[in-house]
Amino acid sequence: MVKHIILWTLKDEFSEAEKAKIKKEIKEELEALKGKIPGLVDIKVNATGRLSSSNADLMLDSTFESEEALKGYAKHPEHVAVADSKVRPFTAARSCLDFEI
């Protein structure tokens, strides 16, 4: 099994109301990928409850059957569509940690 953790920081140009809408859409669209991509065991996006000590706006926490499944997810058309339309246009920074569990 492999964990795939992503932290994103949204672009500063968005208001707090816009950021809330963006985070909601990212959460809905990414979590909707469960059951659609081979080897994706679990996917959750934490987009609320952020404390002031945080330096990221939201987190993706996903689990895959294997490193190969993670590689397949990265290029899967449904994932790419979400990343290109709901994530990349709105994020300023991305950090990733992938590890075996």
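Check the entry above for the structure.
One structure accompanies this document, and this report is about it.

Procedures and definitions
Residues numbered from 1 in each chain as written. Predicted model: local features only at pLDDT ≥ 70, side-chain atom pairs only at ≥ 80, totals over all residues. Heavy atoms only, no water. Axes fitted to C-alpha atoms, helices over the stretch in contact; angles between N-to-C directions. Helix = DSSP H or I, 4+ residues; strand = E, 2+ residues; numbered from the N terminus. Parallel < 35°, antiparallel > 145°, perpendicular 65-115°, else oblique. Contact = heavy atoms within 4.5 Å. Nonpolar A, V, L, I, M, F, W, Y, C, P; charged D, E, K, R; others polar. Patch = residues over 30% accessible without salt bridge, like charges linked within 9 Å, V, L, I, M, F, W, Y side chains within 5 Å. Areas by Shrake-Rupley, 256 points an atom, 1.4 Å probe, with all protein chains shown as cover. Salt bridge = Lys/Arg side-chain N within 4 Å of Asp/Glu carboxyl O. Buried < 20%, exposed > 50% of the residue type's maximum accessible area, 1.4 Å probe, protein only. Core = buried A, V, L, I, M, F, W, Y, C linked by side-chain atoms within 4.5 Å. Expected span 1.5 Å × (residues − 1). Arc of directions from axis to C-beta.

### With respect to the packing of helix 2 (residues 67–75) against helix 3 (residues 77–87)
Next, step 1: Packing of helix 2 against helix 3 brings their axes to within 5 Å, and their N-to-C directions diverge by 55 degrees. Between helix 2 and helix 3, the interaxial angle falls into the category oblique. In this structure, helix 2 uses Tyr 73, Ala 74 and Lys 75 to contact helix 3, whose residues at the interface are Pro 77, His 79 and Val 80.
Next, step 2: Considered class by class, the residues forming the contact of helix 2 with helix 3 number four nonpolar, one polar and one charged.

### Quick look at a nonpolar patch on the surface
Next, step 1: Where nonpolar side chains cluster on the molecular surface, the patch consists of Met 1, Val 41, Leu 97, Phe 99 and Ile 101 and spans about 450 Å² of accessible area.
Next, step 2: Tracing the sequence through the fold places Ile 101 in the segment after strand 4 (91–100).
Next, step 3: You can call Ile 101 exposed: its relative accessible area is 58%.

### Digging into the nonpolar core
Next, step 1: Trp 8, Ile 26, Leu 30, Leu 33, Leu 58, Leu 60 and Tyr 73 are the most contacted members of the largest nonpolar core, which has 22 residues in total.
Next, step 2: Listing elements by their share of this core, those giving two or more residues are strand 1 (2–10), helix 1 (16–31), strand 2 (40–46), strand 3 (58–64), helix 2 and helix 3.
Next, step 3: Sorting elements by how many residues they give to this core places strand 1 first, with four residues.

### Description of helix 1
Next, step 1: Over its 16 residues, helix 1 runs 22 Å from end to end, which matches the ideal 22 Å to within 8%, given 1.5 Å per residue.
Next, step 2: Restricting attention to buried positions, one finds in helix 1 the residues Lys 19, Ile 22, Lys 23, Ile 26 and Leu 30. Take helix 1 and look down its axis: the buried residues cluster within an arc of 100 degrees, on one side only. Along helix 1, the residues that are exposed and aim more than 90 degrees away from the buried face are Ala 17 and Lys 21.

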